Amino acid sequence: MSEDEPVAWQLRLYVAGETPRSVAALKNLREICEAHLAGQYEIEVIDLLERPQLAQGEQIVAIPTLERRLPEPVRKIIGDLSNTERVLIGLDLQPKR
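Residues numbered from 1 in each chain as written. Predicted model: local features only at pLDDT ≥ 70, side-chain atom pairs only at ≥ 80, totals over all residues. Heavy atoms only, no water.

**Student:** I'm lost on the overall build of the protein chain in this one. Help?
**Tutor:** Along the backbone of the protein chain there are 3 helices and 4 strands. Going from the N terminus to the C terminus, the protein chain shows its helices and strands as β-α-β-α-β-β-α. In summary, the protein chain has a C-alpha radius of gyration of 13 Å against a globular reference of 13 Å for 97 residues, a match within 12%. C-alpha atoms of the protein chain, sized along the principal axes, occupy 35 × 35 × 20 Å. Going through the 97 residues of the protein chain one by one, you find that 37% of them count as buried. Here the protein chain displays about 6100 Å² of accessible surface, and carbon together with sulfur accounts for 49% of that area. (Helix = DSSP H or I, 4+ residues; strand = E, 2+ residues; numbered from the N terminus. Rg over C-alpha atoms; globule rule 2.2 N^0.38 Å. Buried < 20%, exposed > 50% of the residue type's maximum accessible area, 1.4 Å probe, protein only. Areas by Shrake-Rupley, 256 points an atom, 1.4 Å probe, with all protein chains shown as cover.)

**Student:** Help me understand the sheet that holds strand E1 (residues 9-15), please; the structure alone is not making it clear to me.
**Tutor:** Sheet strands pair via backbone hydrogen bonds, and the direction of the pair is either parallel or antiparallel. Strand order in the open sheet made by the 4 strands is E2-E1-E3-E4, with mixed pairing throughout. Across the chains shown, the open sheet's two edge strands, defined by having one partner strand only, are strand E2 (41-47) and strand E4 (75-78). Along the sheet, successive strands turn relative to each other by an average axial angle of 20°, direction set aside. Contacting E1, E2 and strand E3 (65-70), helix H1 (residues 20-36) crosses the sheet at an angle of about 175° to E2. (Pairing = 2+ DSSP bridges. Axes fitted to C-alpha atoms, helices over the stretch in contact; angles between N-to-C directions. Contact = heavy atoms within 4.5 Å.)

**Student:** How should I be thinking about the pairing of E2 in this particular structure?
**Tutor:** Side-chain direction in a regular strand flips from residue to residue, so the side chains alternate between the two faces of the sheet. In this sheet, E2 lies alongside E1 in parallel orientation, the contact comprising 7 bridges. When the bridges of E2 are listed, Gln10 appears paired with Glu42. Crossover E1 to E2 through H1 is right-handed. (Right-handed = clockwise from strand over helix to strand, strands pointing away.)

**Student:** In this structure, what is going on with the nonpolar core? I would like to understand it.
**Tutor:** Here is a general trend for soluble globular proteins: nonpolar side chains tend to be buried in one another's company. Leu11, Leu13, Leu29, Leu66, Leu81 and Leu91 are the most contacted members of the largest nonpolar core, which totals 17 residues. Listing elements by their share of this core, those giving two or more residues are E1, H1 and helix H3 (84-90). In terms of residues, this core owes the most to one element, H1, which gives 5 residues. (Core = buried A, V, L, I, M, F, W, Y, C linked by side-chain atoms within 4.5 Å.)

**Student:** Sorry, what's going on with the confidence of the model for the protein chain here?
**Tutor:** In low-pLDDT regions, the fine details of the predicted coordinates are not to be read closely. Looking at the protein chain, the pLDDT average stands at 90 and 91% of residues meet or exceed 70. The secondary structure element of the protein chain with the lowest average pLDDT is helix H2 (residues 53-57), at 85, and the one with the highest is E1, at 97. (pLDDT = per-residue confidence, 0-100.)

**Student:** Got a minute to help me understand the side chain of Arg68 in this structure?
**Tutor:** Positionally, Arg68 belongs in strand E3. Asp92 provides the closest opposite charge to the buried, salt-bridge-free Arg68, at an N-O distance of 4.6 Å. Engagement of the side chain of Arg68 in a polar contact is seen with the backbone oxygen of Leu91, the distance being 2.6 Å. Apart from the residues lying within four places of it in its own chain, the contact partners of Arg68 are Trp9, Gln10, Leu11, Pro73, Val74, Arg75, Leu91 and Asp92. (Lys, Arg positive; Asp, Glu negative; His and termini not counted. Salt bridge = Lys/Arg side-chain N within 4 Å of Asp/Glu carboxyl O. Polar contact = N/O pair within 3.5 Å; in protein donor to acceptor, adjacent residues only side chain to side chain.)

So, in structure tokens, the structure goes:
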């Protein structure tokens, strides 16, 4: 992948401060991405305590929420991302059984 080539997976994790669930969600997300998308992803963490206006604009109703921005379509997964299989299916990384 060259420097000017866009990242294939753009992920945005919405949190509210450094709560145990938010910390767990980021840790779980990083582990899943390294295992399944190594070198092909970008994670942006948005703390809604610092930027509360984004919650309504992005229709975030619970936290933590993971949003897959690319590849389209946009998908959202709510929770601490501890259920790896559910996250993989939600991100469309693994075929549904």
